[in-house]
Amino acid sequence: MQGIPIAERHHAYLADVASRMRAAGIRVEVDDSDDRMQKKIRNAQLQKVPFMVIAGDNDIEAGAVSFRYRDGHQENGVPIDEAIARVVEAVASRTQV
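Attention now goes to the overall build of the protein. Within the protein, the secondary structure is distributed over 4 helices and 5 strands. Traced from its N-terminal end to its C-terminal end, the protein shows the element sequence β-α-β-α-β-α-β-β-α. Computed over its C-alpha atoms, the radius of gyration of the protein comes to 12 Å, within 12% of the 13 Å expected for a compact globule of 97 residues. Seen through its C-alpha atoms, the protein measures out along the principal axes to roughly 35 × 30 × 20 Å.

Let us look at the pattern of salt bridges. Counting across every chain of the model gives 4 salt bridges. A salt bridge links Arg 20 to Asp 81, with the nearest nitrogen and oxygen atoms 2.6 Å apart. With Arg 20 in helix α1 (residues 11-23) and Asp 81 in helix α4 (residues 80-93), the pair connects residues that are 61 residues apart, well separated along the chain. Residue class for Arg 20 comes out partly exposed when judged on its relative accessible area of 33%. Given a relative accessible area of 55%, Asp 81 falls into the exposed group. For the salt bridge of Arg 86 with Glu 75, the shortest nitrogen-to-oxygen distance reads 2.9 Å. Taken as a pair, Arg 86 in helix α4 and Glu 75 in strand β5 (residues 74-79) lie far apart in primary sequence, 11 residues in all. For Glu 75, a relative accessible area of 25% gives the class partly exposed. Residues joined in a network through salt bridges with shared partners are Glu 75, Glu 82 and Arg 86.

Let us look at the nonpolar core. Nonpolar side chains in soluble globular proteins generally cluster together in the buried interior. Residues Met 1, Val 17, Met 21, Phe 51, Val 65 and Phe 67 are the most contacted members of the largest nonpolar core, which totals 20 residues. Put simply, the parts of the chain that give this core at least two residues each are α1, β3 (51-55), β4 (64-69) and α4. Judged by nonpolar contacts, the second largest core, of 6 residues, contains Ile 41, Ala 44, Val 49 and Ile 54.

A word on the environment of Gly 72. Looking at the secondary structure, you find Gly 72 in the loop between β4 and β5. On the basis of relative accessible area, Gly 72 is assigned to the partly exposed category, the value being 29%. On a C-alpha basis, the gap between Gly 72 and Asn 43 in space is 13 Å, while along the polypeptide they are 29 residues apart.

Take the confidence of the model for the protein next. Note: predicted coordinates in regions of low pLDDT should not be interpreted at a detailed level. Averaged over every residue, the pLDDT of the protein is 89; the share at 70 or more is 97%. The least confident element of the protein, judged by mean pLDDT, is α4 at 88; the most confident is α1 at 93.

The next subject is the environment of Gly 56. You can see Gly 56 is positioned in the loop between β3 and α3 (57-62). Sequence separation between Gly 56 and Ala 7 is 49 residues; the distance between their C-alpha atoms is 7.1 Å.

Turning our eyes to something else, we now look at the packing of aromatic side chains. Per the counting criterion, the structure on display carries 3 aromatic pairs. Grouping aromatic residues by their ring pairs yields a cluster made of Phe 51, Phe 67 and Tyr 69. Across the ring face of Phe 67, the terminal group of Arg 86 is positioned such that the distance to the ring centre comes to 5.6 Å.

Basis of the calculations
- Residues numbered from 1 in each chain as written.
- Predicted model: local features only at pLDDT ≥ 70, side-chain atom pairs only at ≥ 80, totals over all residues.
- Heavy atoms only, no water.
- Helix = DSSP H or I, 4+ residues; strand = E, 2+ residues; numbered from the N terminus.
- Rg over C-alpha atoms; globule rule 2.2 N^0.38 Å.
- Salt bridge = Lys/Arg side-chain N within 4 Å of Asp/Glu carboxyl O.
- Buried < 20%, exposed > 50% of the residue type's maximum accessible area, 1.4 Å probe, protein only.
- Core = buried A, V, L, I, M, F, W, Y, C linked by side-chain atoms within 4.5 Å.
- pLDDT = per-residue confidence, 0-100.
- Phe/Tyr/Trp six-rings, centres within 6.5 Å; stacked < 30°, edge-to-face > 60°.
- Lys NZ or Arg CZ within 6 Å of the ring centre and 35° of its normal.

As structure tokens, then:
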């Protein structure tokens, strides 16, 4: 799983989300490079990352994340606990996204 902050100010929030995911047994990395968000998404797609978690201002206010799948489908405003549960379930059932 790849964590992608929309802007530099979202790094800390996404790092906290990533630590909660690691505690649930999910492998996750936060892309804190200087690349633009679109390039980070493209890099994750090329690496065939099944899930991308994107965080911006609206997500921080709602205590949520935006889920982006490898096929380009995106769900916004997914609560963090629900996002963790979805990934844990997908890993447990070995579901391809």
